[in-house]
Amino acid sequence: MIQNVPQARTNKFLQGAVLLTAAGIITKGLSAIYRVPYQNIVGDIGFYIYQQIYPFLAIVMVLSTTGFPVILSKLLNEYSDGSNFKNIRKILVVCFSFFALISLFSFTSLFLGADKLARWMGDPKLALLLKAAACSFLFFPFISMLRGVFQSCHEMLPVSLSQIVEQAIRVGAFLSITCYFVYKGFDLYETAAGAIFSSLIGYIGAFMLLLVYWKKRVPLPLSRSSKEAAVSVKKILTKLLIYTVTFCLTSMLMIFMQLADSFQLYKLMVNSGADPEAAKIAKGIYDRGQPLLQVGTVAATSLALSLVPLISSFRHKAFQYIQQHVALSFKICLIVAIGATAGLISIIEQVDFMLFADTKGAGVLSVFSISILFSSVAITSAGILQGVNETVWPALSVLAGVAVKILLNECFIPFFHTYGAALATVCGYGVVCLLNLAVLNRKKYKLASFKAVWKMIGSAVVMFLSIKLYFFLFDFFISDETRMSASIQSLTAVVFGAAVYMFFIIQSAIFTGKEIESLPFKNKLVCLISAWKERKENG
């Protein structure tokens, strides 16, 4: 039953947040990882073809996970006390109608406009793939409704499992279909179109799982109340529109950046004189950075954003209490983001060889990797703003950042090609980051001191130099330029670099005593700090 939970709400709310965070890490990890074997199977041109269409598939994924389910959940909790069946029914009917309308409009526009969109991208052969991607939009209203109802009751297990099952089925079907099509001799465009249909299989699997949980426990009141619906259709629609713009826009930051490249990078390179085949290969190499960016950003934002529900649930408490958790979320994000950015740049050549069998993308990926820092801060700061009930500013900052990305693409790509696109991406994320931080500063939230930030940067520089020294010694004693050697170098460097970085972070005493008490891994961190202090005193 949908209910207001005054006292016990916090524990269940936070447990649900942990489940959703874990599901988000797993699904985003799978979403990043499966593109590596796909590139290995179809090559850079095949990867270019799929990545041109991927943003459209990602939009559906966002709408059915962090978009519409969250919106429906908020509306049910705002306008229902759990006993007014007519109120609940009106909200469900209006929301489903709204979702279905967007679904049909998106499907029709993308399917019928596929040829025109493909020409705008500069590659008419992409029309077949756009039509295949359009079919994905037909499924999200049903999945969104079920997830939203469970989420409104704080029943996060079905929601989390459905996300993991959906992604696992999609990845398995995607790679299986790809291998089959390549084996049967289909061309790269047909192979990508066939693989795109794996999304439909994933949605069906998630829908079936949610139905099983629904039959086990229907989370809605079955008895028809005599109460009249207290909420009007106009009010529901107004909230729906506001939430759709604010929550969905903010969630789609990374997708919009990729979408800009889909429409601009290849076309601008060809228009500036590049050979079409060479431009496709260059775009495919450039797109190697997308899974790396996704993994780095997930690592940097997941732990920080897991504290945002806590900020949201305590936003009526004293400002100082909220300030403590805001500062902690931001500090965690910065530590991981700075470390991930510096670490990836230091090992990018070895990682490129390990994952993609050559080092063609090392240069442009080094520039692109800077996006990890700015995108992580942008996403975390947007989450913090939403947690303190500031939902409009993050959406506006996303629009500004995407506008900067599009403008700089037009300026940079004709001259610098993929390097220009990478630089435009960094600048776009940087704008979103700065605007969100400016709003937090205007709201009087203190984030991290310059002294703490310089300590993080110093630790990252030491890590970077340590990894480069490690690679120098590795190559001096083991001169083996194979993919296996690159894999060993990359994986051992990650462990070594992380150990060096964390050693200097702990030594720098960046976290205060109160902040350490709020961390989920506080016991281990306290032990490490205590051991370090004892050794320092005895040494």
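Residues numbered from 1 in each chain as written. Predicted model: local features only at pLDDT ≥ 70, side-chain atom pairs only at ≥ 80, totals over all residues. Heavy atoms only, no water.

A. Spotlight on the overall build of the protein chain. A tally of helices and strands in the protein chain yields 23 helices and zero strands. Considering the protein chain as a whole, with its 539 residues, one finds that 54% of them fall into the buried category. Residue pairs at least 24 apart in sequence account for 83% of intrachain contacts in the protein chain once pairs closer than 6 positions are excluded. Of the roughly 23,700 Å² that the protein chain leaves accessible, carbon and sulfur atoms contribute 68%. (Helix = DSSP H or I, 4+ residues; strand = E, 2+ residues; numbered from the N terminus. Buried < 20%, exposed > 50% of the residue type's maximum accessible area, 1.4 Å probe, protein only. Contact = heavy atoms within 4.5 Å. Areas by Shrake-Rupley, 256 points an atom, 1.4 Å probe, with all protein chains shown as cover.)

B. Looking closely at empty space enclosed by the protein. Enumeration according to the criterion identifies one cavity of 30 Å³ or more in this entry. Considered as a void within the structure, the largest cavity measures approximately 30 Å³ in volume. Forming the walls of the largest cavity are G289, L292, L293, L344, L365, F368, S369 and I372. At the level of elements, α13 (289-305) and α16 (362-368) are the ones that each hand at least two residues to the lining of the largest cavity. Broken down by element, the lining of the largest cavity gets its largest block of residues, three residues, from α13. Within the lining of the largest cavity, the residues separate by chemical class into six nonpolar, two polar and no charged. (1 Å grid on protein atoms, 1.4 Å probe; cavity = no way out; pocket = protein on both sides within 12 Å on 5 of 7 lines; lining within 4 Å. Points joined across faces, edges and corners; volume = space filled by probe spheres on them. Nonpolar A, V, L, I, M, F, W, Y, C, P; charged D, E, K, R; others polar.)

C. Summary view of helix α4 (residues 114-121). Taken residue by residue, α4 has A114, L117, A118 and M121 as its buried positions. Looking down the long axis of α4, one finds its buried residues gathered within 100° of arc, a one-sided arrangement. Considering only its buried residues, α4 is in contact with α2 (35-79), α3 (85-112), α5 (127-134) and α11 (253-271). (Arc of directions from axis to C-beta.)

D. Focus on the environment of K74. In this structure, K74 sits in helix α2. Take K74: its relative accessible area is 26%, and that puts it in the partly exposed class. Each C-alpha atom, one on K74 and one on Q151, is 9.0 Å from the other, the two residues being 77 residues apart in sequence. If we skip the residues at most four places from it in the chain, K74 touches Y243 and F247.

E. Highlighting the confidence of the model for the protein chain. Across the protein chain, the average pLDDT comes to 84, with 84% of residues at 70 or higher. pLDDT under 50 marks residues 1-7. Its contacts with residues more than four places away, or in other chains, come to 19 contacts. (pLDDT = per-residue confidence, 0-100.)

F. Representation of the layout of surface pockets in the model. In this structure, the second largest pocket occupies an estimated 880 Å³ of space. Looking at the lining of the second largest pocket element by element, the count peaks at eleven residues for helix α15 (residues 319-356). Considered class by class, the residues forming the lining of the second largest pocket number 30 nonpolar, five polar and no charged.

G. Inspection of the pattern of salt bridges at higher detail. Overall, the coordinates contain ten salt bridges when judged by the stated rule. A salt bridge links E277 to K280; its shortest N-O distance comes to 3.8 Å. Taken together, the positions of E277 and K280, both in helix α12 (residues 276-286) and three residues apart, correspond to about one turn of that helix. The class of E277 is partly exposed, set by a relative accessible area of 41%. Its salt-bridge partner being D358, residue R288 comes within 2.7 Å of it at the nearest N-O pair. Here D358 lies in the loop between α15 and α16 and R288 lies in the loop between α12 and α13, a separation of 70 residues in the sequence. Within this structure, D44, R288, D352 and D358 form a network of salt bridges that share partners. (Salt bridge = Lys/Arg side-chain N within 4 Å of Asp/Glu carboxyl O.)

H. Just the nonpolar core, in detail. Counting 137 residues, the largest nonpolar core has L72, L75, I91, F99, L130, L240 and M456 as the members making the most contacts within it. A per-element tally of this core places α2 first, with 22 residues. If sequence neighbours within four positions are ignored, L240 has contacts with I71, L75, V94, C95, F98 and F99. (Core = buried A, V, L, I, M, F, W, Y, C linked by side-chain atoms within 4.5 Å.)

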